[in-house]
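Architecture at a glance
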Amino acid sequence: HIEKHVLSLEEELRPQIESLPLKVQRIPDRKNRSGIICVYYPAEAEKAVVEILKEHKIHSTMRGGYIRMGFHLYNNQKHVEEVIHAFKRIADLRL
């Protein structure tokens, strides 16, 4: 089932991203989650953020100071790990 797969990837990623010093849009009620995560990034580092996402081959939308990305059927555990690694690098830009 596609929805179950997508939500399981989000469930794995969300707490790890939330543990970083980045603001993550919270959706407290799990029934309202859709596999999409919005993460605010340091505005002064936008060029570096774009480069990090490109290096990790993460396709997302950036607008209003946040990164919006989501999972789908073709994503897997390796993609989750890649996103985590990229966001750790983005979080380091705040230092």
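Everything below is about the structure shown above.
Scoring rules and cut-offs
- Counting restarts for each chain: residues are numbered from 1 in the order of the written sequence.
- Only residues with pLDDT of at least 70 are given local features in this predicted model, and only at 80 or more are side-chain atom pairs given and counted; all residues enter the totals for whole chains, interfaces and linings.
- With hydrogens and water excluded, all non-hydrogen atoms of the structure serve as input to the side-chain values.
- Counting from the N terminus, the helices are the DSSP runs of H or I reaching at least four residues and the strands are the DSSP runs of E reaching at least two.
- Helix span, expected: 1.5 Å multiplied by one less than the number of residues in the helix.
- With a 1.4 Å probe rolled over the protein chains alone, any residue whose accessible area is under 20% of its type maximum counts as buried; one over 50% counts as exposed, and the rest are partly exposed.
- Any two residues whose heavy atoms approach within 4.5 Å at even a single point are treated as in contact.
- In the analysis that follows, any N or O atom pair within 3.5 Å is treated as a polar contact, provided that within protein one partner can donate a hydrogen and the other can accept it, and provided that, for residues neighboring in sequence, both atoms belong to side chains.
- Should DSSP find at least two bridges between two strands, the strands are regarded as paired.
- The convention used is that axes are lines fitted to C-alpha atoms, helices contributing only their stretch in contact, and that angles between N-to-C directions extend from 0 to 180 degrees.
- Put simply, angles under 35 degrees are roughly parallel, angles over 145 are roughly antiparallel, angles from 65 to 115 are roughly perpendicular, and the rest are oblique.
- Two helices that cross are described as forming a left-handed crossing if the nearer one is turned anticlockwise from the farther one by less than a right angle, and a right-handed crossing if clockwise.
- In the scheme used here, Gly and all other residues not listed as nonpolar or charged are polar, with Ala, Val, Leu, Ile, Met, Phe, Trp, Tyr, Cys and Pro taken as nonpolar and Asp, Glu, Lys and Arg as charged.

1. Concerning helix α3 (residues 77-92)
- In this model α3 runs 23 Å from its N-terminal to its C-terminal C-alpha over 16 residues, within 8% of the 22 Å that 1.5 Å per residue would give.
- All buried positions along α3 are accounted for by Val80, Val83, Ile84, Ala86, Phe87, Ile90 and Ala91.
- Among the structural elements, α1 (2-18), β1 (36-40), α2 (46-55) and β3 (66-70) are those in contact with the buried residues of α3.
- The distance from a side-chain oxygen at the start of α3 to the backbone nitrogen of Lys78 is 2.9 Å, and the residue carrying that oxygen is Asn76.

2. Focus on α1
- With 17 residues, α1 should cover 24 Å at 1.5 Å per step; its first-to-last C-alpha distance of 24 Å lies within 8% of that length.
- When we look at burial in α1, the residues that qualify are Val6, Leu9, Glu10, Leu13, Arg14 and Ile17.
- Residues of α1 that are buried sit in contact with β1, β3 and α3.

3. Let's talk about the side chain of Arg14
- Take Arg14: it is sitting in helix α1.
- With a relative accessible area of 2%, Arg14 lands in the buried category.

4. With respect to the sheet that holds β3
- If you trace the three strands from one edge of the open sheet to the other, you get β1-β3-β2, paired in antiparallel fashion. In the strand order of this sheet, the two ends are held by β1 and β2 (61-63), each with one partner. Each strand of the sheet is rotated relative to its neighbour by a mean of 20 degrees, with strand direction disregarded.
- The pairing of β2 with β3 spans three bridges and is antiparallel. The residue of β3 that forms the bridge with Thr61 is Arg68.
- Where α1 meets the sheet, its contacts fall on β1 and β3, and the angle it forms with β1 comes to roughly 15 degrees.
- Across the face of the sheet, α2 comes into contact with β2 and β3 while running at roughly 175 degrees to β2.

5. Examining the packing of α1 against α3
- Packing of α1 against α3 brings their axes to within 10 Å, and their N-to-C directions diverge by 15 degrees. In terms of orientation, α1 lies roughly parallel with respect to α3. For the pair α1 and α3, the crossing hand works out as right-handed. Contact residues: Leu9, Glu12, Leu13, Gln16 and Ile17 in α1; Gln77, Val80, Val83, Ile84 and Phe87 in α3.
- For the contact of α1 with α3, the class distribution of residues is seven nonpolar, two polar and one charged.

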